[in-house]
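What follows is the residue order along each chain.
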Amino acid sequence: MKILIINGPNLNMLGKREPEVYGSQPFEDYFTTLQFKFKATELSYFQSNIEGELISKLHVANDSFDAIILNAAAYTHTSVGLGDAIASIEKPVIEVHISNTFAREAYRHHSYLSKYCKGVIVGFGLKSYDLAIESFLMK
Ligand code: DQA
């Protein structure tokens, strides 16, 4: 199975950014442990701070991956365009968040994406990504 992980704005700063909320591990390090753990799965990773690049990546991913894990970060709460992009593709998308967005500011409680996603995994730290992969691998 080929799974693409897409991270949105500011997630390139993981490890340095608000470690009390997001932990102290850079995503690239964590991605290596995911590749080790899920050896039979072909994992790829893309990060962008630019909304249009995330939208274009979703379009292209539809042809080259079986499933997508998306942490759109702040765009989750603002982007009708990203929601429309998920709706426009056939491959399943799982929305993930590292922090428990529902325990944070009210503006983080709404997602423009969830409605179009297969499921949502929120608040398990970086393990949210593990859980998303596991759920794609479950029969
Ligand atoms: C986040 C939660 C968002 O509200 C926030 O803007 C992020 C990260 C998370 O993974 O917890 O940048 O998506």
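Computed from a predicted structure; not experimentally measured.

(A) Spotlight on unusual backbone geometry. The phi dihedral of Glu 18 is positive, around 35°, even though this residue is not glycine. With respect to the helices, strands and loops of the structure, Glu 18 is situated in the loop between strand E1 (2-7) and helix H1 (19-22). Classification of Glu 18 as partly exposed rests on a relative accessible area of 36%. Its identity as a non-glycine residue notwithstanding, Ala 73 has a phi of 50°, on the positive side. Checked against the element boundaries, Ala 73 lands in the loop between strand E3 (67-71) and helix H4 (80-88). We classify Ala 73 as buried; its relative accessible area is 12%.

(B) Highlighting the site of the ligand. Within the structure, the ligand sits among Arg 17, Tyr 22, Asn 71, Ala 73, Ala 74, His 77, His 97, Ile 98, Ser 99, Thr 101 and Arg 108. Taking Ile 98, its main chain carries an N or O atom lying 2.7 Å from an oxygen atom of the ligand. Contact with the protein chains removes 99% of the 320 Å² of surface that the ligand exposes when unbound. One can see that the ligand is located within the largest pocket.

What counts, and at which threshold
Residues numbered from 1 in each chain as written. Predicted model: local features only at pLDDT ≥ 70, side-chain atom pairs only at ≥ 80, totals over all residues. Heavy atoms only, no water. Helix = DSSP H or I, 4+ residues; strand = E, 2+ residues; numbered from the N terminus. Buried < 20%, exposed > 50% of the residue type's maximum accessible area, 1.4 Å probe, protein only. Near = heavy atom within 4 Å. Polar contact = N/O pair within 3.5 Å; in protein donor to acceptor, adjacent residues only side chain to side chain. Areas by Shrake-Rupley, 256 points an atom, 1.4 Å probe, with all protein chains shown as cover. 1 Å grid on protein atoms, 1.4 Å probe; cavity = no way out; pocket = protein on both sides within 12 Å on 5 of 7 lines; lining within 4 Å. Sits in = over half its atoms within 2 Å of the grid points.

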